[in-house]
Amino acid sequence: MPGPPLVTGATGFAGSHLLDQLLEAQPSVAAWSHRGGRGPELADDPRVRWSAVDLLDRGAVSQALSELQPSAVYHCAGIAHVGESWSEPVRALSVNVLGTHHVLEGVRDAALDCPVLVIGSALVYRPSTRPLREDDPIGPSDPYGVSKLAQEMLAASRAQAPVFIVRPFNHAGPRQSPTYVTSSFARQIAEIEAGRRDPVLRVGNLESRRDITDVRDTVRAYQLVVQRGQPRRPYNVCSGEAYRVRDLLDALIGLSRASIDIQVDPSRLRPSDNPVIAGDRSRIGAETGWIPSIPIERTLDDLLNYWRREIVADP
């Protein structure tokens, strides 16, 4: 009898929200993390079966998959930050590409025919100022995008199990690392409100435009692709609207109770920063019925309130 669905990288941003999403319909879910950590939201939930599995250890991955016999694999684990891929490109390529290879090989070794979702990225596309479609030219411009393209190529070459591919654009919401732009803004604002820092918010490039979806809509899309999508066919996961970073910052400051100055921090400027990253979500909508339902205003409000709670809880 098949085991529970598996989420790799379950302590990560999207992975933790995917656990929440799956538990709405599943009695239990298996969760992998690299060093045995547990997401604080579900750390003691008996419905979650936590395991420490190193994706760079092929033998350990194969053994764990064979023992678990999952009913589905949602492969969320990986290096997810573009800036980190520039500073540590070998690590990004190793974890994202070799780790994915080991998961797919482990599925084959265990003779599993369960669906496998591989999380790609919008950064596999050649930079463009118009909304990107799945058949637009490929041409990643940073090590992270290269690693995600390699993941896709591995996924597309597998025939022994139904492998699904998504290309998420930016997503935001509670629990996101402050290394990402909206979460960085929200954390700094919460710290200023709590008197933890001077009322100066440090920012990078504010003129970029980014297609941003609430993470809770994003993981719902992942589940629908596995349920209704076509294997080895990429699906954009995006809102269809590119927001100017300055406008997102203004919206967050508008939610604040503090008076805040803005200061550009050169260390927050990336070597390659596409002016516009926007997606077309026609395919996923037509083939799975997915439509994002959470407005950006709620996403930003929930994100700021999340950081307010975190700051209070960490005196």
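Model, not experiment: these values are computed from the prediction.

Peer 1: Any chance you could explain the nonpolar core here in plain terms?
Peer 2: Considering soluble globular proteins, one finds that nonpolar side chains tend to be buried as a cluster. One finds Val-7, Leu-19, Tyr-74, Leu-117 and Val-166 to be the most contacted residues of the largest nonpolar core, which totals 31 residues. Elements that contribute at least two residues to this core include exactly α1 (13-23), β2 (29-33), β3 (48-52), β5 (116-119), β6 (163-168), α7 (215-228) and β10 (234-237). The element that contributes the greatest number of residues to this core is α7, accounting for seven residues. The contacts of Leu-19, once residues within four sequence positions are left out, are Val-7, Ala-10, Val-29, Ala-30, Ala-31, Leu-42, Val-48 and Trp-50. Within the second largest apolar cluster, 25 residues are counted, among which are Ala-30, Val-103, Val-107 and Ala-110.

Peer 1: Explain unusual backbone geometry to me, please; I cannot follow it from the model alone.
Peer 2: Negative phi characterises most residues that are not glycine, and trans characterises most peptide bonds. Not every positive phi belongs to a glycine, and Ala-111 is a case in point at roughly 55°. Phi is positive for Arg-175, which is not a glycine, with a value near 80°. Along the chain, Arg-175 falls in the loop between β7 (170-172) and α6 (181-193).

Peer 1: Would you explain the packing of aromatic side chains in this entry?
Peer 2: Each aromatic ring pair is summarised here by two numbers: the centre-to-centre distance and the angle between the ring planes. Tallying each qualifying case throughout the model produces two aromatic pairs. Between the aromatic rings of Tyr-125 and Phe-169, the centroid separation amounts to 6.4 Å while the plane-to-plane angle is 35°, which identifies the pairing as tilted. With Tyr-125 in the loop between β5 and α5 (143-156) and Phe-169 in the loop between β6 and β7, this pair connects stretches of sequence that are 44 residues apart. Here Tyr-125 falls in the buried class, since its relative accessible area comes to 2%. For the pair Tyr-306 and Trp-307, a centre-to-centre distance of 5.2 Å together with 70° between the ring planes defines the contact as edge-to-face. For the pair Tyr-306 and Trp-307, a shared accessibility class is recorded, and that class is buried.

Peer 1: What is the right way to read the environment of Leu-154 from this model?
Peer 2: Topologically, Leu-154 is positioned in helix α5. According to the relative accessible area criterion, Leu-154 is buried, its value standing at 18%. Linking Leu-154 and Arg-49, residues 105 residues apart in sequence, is a C-alpha distance of 28 Å. Ignoring anything within four residues of it in the chain, the contact list for Leu-154 reads Val-97, Thr-100, His-101 and Leu-104.

Parameters and conventions
Residues numbered from 1 in each chain as written. Predicted model: local features only at pLDDT ≥ 70, side-chain atom pairs only at ≥ 80, totals over all residues. Heavy atoms only, no water. Core = buried A, V, L, I, M, F, W, Y, C linked by side-chain atoms within 4.5 Å. Buried < 20%, exposed > 50% of the residue type's maximum accessible area, 1.4 Å probe, protein only. Helix = DSSP H or I, 4+ residues; strand = E, 2+ residues; numbered from the N terminus. Contact = heavy atoms within 4.5 Å. Phe/Tyr/Trp six-rings, centres within 6.5 Å; stacked < 30°, edge-to-face > 60°.

Just distances and angles here, no functional claims.
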